[in-house]
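Residues per chain are reported as follows:
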Amino acid sequence: MLAWYDEERRELPWRVAPGKRANPYRVWLSEIMLQQTTVKAVIPYYQRFLHRWPTVKALAAAPLDDVLAAWAGLGYYSRARNLHKCAIAVVEQFGGKFPSTVAELQKLPGIGPYTANAIAAIAFGEAATPVDGNVERVVARLFSVRQPLPTAKTELKRLAATLTPDRRAGDFAQAMMDLGAGICTPRRPSCLVCPVQSDCAAAAHGMAETLPMKLGKAERPNRVGFAFVALSEDGRVLLRRRPEAGLLGGMLEVPGPTWGDELPPRKDALRSAPVRGDWWEVPGTVVHVFTHFRLEVIVFRALVPADASLTFWAEPDRCQWVARRDLHAAALPSVMRKIIAHALSEN
């Protein structure tokens, strides 16, 4: 595996040459971004973050709003909040240097078992075993584990740990990730060019493509809601800060009632508008798919005076008016950008 990695490894901006120790800050930043996100999507975000905040001390000193705005579009926004909290903790508790052990790393905000093992192995050379989806798949096939996921996770972690070498554990971990990403893929694995085919029990039994087995997923539910895009006469848009806890926590949103399983009558929804005005329903809907549900939003738009008063339903203490020209830099998640774009498309 290490010989194969030395020749075939992916060139990624957070990696260093085989046998070298990587920068812990860069490893941590990349691993947090890569959670639930593809390498292709992460690279431009990683490069922008690193350019703007080249050290953990610089990131810790940044305003949270700036971090959230820079993260917008990557999704899973609790990662961005924990990223900032973790940077502060590293600076305050460890003088700006990441701890090197899995146990200490896991005490930091947003760092779970996988990320702690990845940092320990890649940045510090510890004989740690990070197990992500790619590694689970490789191990399930190598050992022909028939137990379905997610119940097989504990066994797959145990088996993966038996493979980790004492030397170059970080390179080995990245080799396993690359093998799963490029050769031992979920569909149509390229077994003929796999460096460990001769040791793979699933390949020997002709069942590599069927492993790992998975329990059936429940159907993704639908949720519906309304959103009120208030445009002031002086060119601003009304936005509201979401609560810190929960989905899209701490991000900005277009005001509207809580999403639910069914839509309330439109007349009831209009009573909860954040500003009194002549609200017009924008034709069509905005659809956004989250991990656990599909959302469909009906958008209302109104042009209101620059000094318009907010209603009780707006929760004024969490609201702010943002100039349209500054929306690109606001901490808006993708779904809210879709809603605003939908409303403004009719202008």
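A short tour of the structure in this document, coming up. (Residues numbered from 1 in each chain as written. Predicted model: local features only at pLDDT ≥ 70, side-chain atom pairs only at ≥ 80, totals over all residues. Heavy atoms only, no water.)

1. Regarding the overall build of the chain
Check the secondary structure of the chain and you find 14 helices and seven strands. The buried share of the chain, reckoned over its 347 residues, is 49%. Long-range contacts, defined here as pairs at least 24 residues apart, represent 68% of the contacts in the chain between residues at least 6 apart. Surface summary for the chain: the accessible area is close to 17,300 Å², and the carbon and sulfur share equals 52%. (Helix = DSSP H or I, 4+ residues; strand = E, 2+ residues; numbered from the N terminus. Buried < 20%, exposed > 50% of the residue type's maximum accessible area, 1.4 Å probe, protein only. Contact = heavy atoms within 4.5 Å. Areas by Shrake-Rupley, 256 points an atom, 1.4 Å probe, with all protein chains shown as cover.)

2. Description of the pattern of salt bridges
Under the counting rule described, the total for this entry stands at 19 salt bridges. Note that Asp 66 is salt-bridged to Arg 52, the shortest N-O span being 3.7 Å. In this pair, Asp 66 sits in helix H5 (residues 64–71) while Arg 52 sits in helix H3 (residues 39–52), placing the two residues 14 residues apart along the sequence. Put simply, Glu 315 and Arg 240 hold a salt bridge, and the shortest N to O gap is 3.8 Å. One end of the pair, Glu 315, is in the loop between strand E6 (294–304) and strand E7 (319–323); the other, Arg 240, is in strand E2 (residues 236–241), and 75 residues separate them in sequence. The class for Glu 315 is partly exposed, based on a relative accessible area of 34%. Within this structure, Arg 240, Arg 242, Glu 253, Glu 315 and Arg 318 form a network of salt bridges that share partners. (Salt bridge = Lys/Arg side-chain N within 4 Å of Asp/Glu carboxyl O.)

3. Observations regarding unusual backbone geometry
Of note, the bond from Leu 149 into Pro 150 is cis; its omega dihedral lies within 30 degrees of zero at 5°. Position of Pro 150 relative to the elements: it lies in the loop between helix H9 (133–142) and helix H10 (153–163). For the peptide bond that leads from Leu 211 to Pro 212, omega is -5°, which places it in the cis range. A positive phi angle is found at Tyr 76, which is not glycine, with a value near 50°. Non-glycine residue Glu 315 carries a positive phi angle of around 55°.

4. Some thoughts on the side chain of Arg 318
Along the chain, Arg 318 falls in the loop between E6 and E7. Within polar-contact distance, the side chain of Arg 318 engages the side chain of Glu 315 at 2.8 Å. For Arg 318, the contacting residues outside a window of four places in its chain are Leu 239, Arg 240, Arg 241, Arg 242, Pro 243 and Glu 253. (Polar contact = N/O pair within 3.5 Å; in protein donor to acceptor, adjacent residues only side chain to side chain.)

5. Section: the packing of aromatic side chains
Applying the stated criterion across every chain, the model contains twelve aromatic pairs. For the pair Trp 28 and Phe 98, a centre-to-centre distance of 5.2 Å together with 50° between the ring planes defines the contact as tilted. Remark: Phe 98 occurs in the loop between helix H6 (78–94) and helix H7 (102–105) and Trp 28 occurs in helix H2 (residues 24–34); sequence separation between them is 70 residues. Owing to a relative accessible area of 0%, Trp 28 belongs among the buried residues under this scheme. The class of Phe 98 is buried, set by a relative accessible area of 9%. Plain terms: the ring middles of Phe 49 and Trp 53 are 5.0 Å apart, the flat faces sit at 65° to each other, and that makes the pair edge-to-face. (Phe/Tyr/Trp six-rings, centres within 6.5 Å; stacked < 30°, edge-to-face > 60°.)

6. Observations concerning a positive patch on the surface
On the surface, Arg 187, Lys 214, Lys 217 and Arg 220 cluster together into a positively charged patch. Relative to the assigned elements, Arg 220 resides in the loop between helix H12 (201–204) and strand E1 (222–232). (Patch = residues over 30% accessible without salt bridge, like charges linked within 9 Å, V, L, I, M, F, W, Y side chains within 5 Å. Lys, Arg positive; Asp, Glu negative; His and termini not counted. Charge placed at Lys NZ, Arg CZ, Asp CG, Glu CD.)

7. Regarding the state of the cysteines
Applying the stated criterion across every chain, the model contains zero disulfides. Note on Cys 184: no disulfide assigned, nearest cysteine sulfur contributed by Cys 194 at a separation of 6.2 Å. Residue classification places Cys 184 among the buried residues on the basis of a relative accessible area of 9%. Relative accessible area serves as the criterion here: at 17%, Cys 194 is assigned to the buried category. (Disulfide = S-S within 2.5 Å.)

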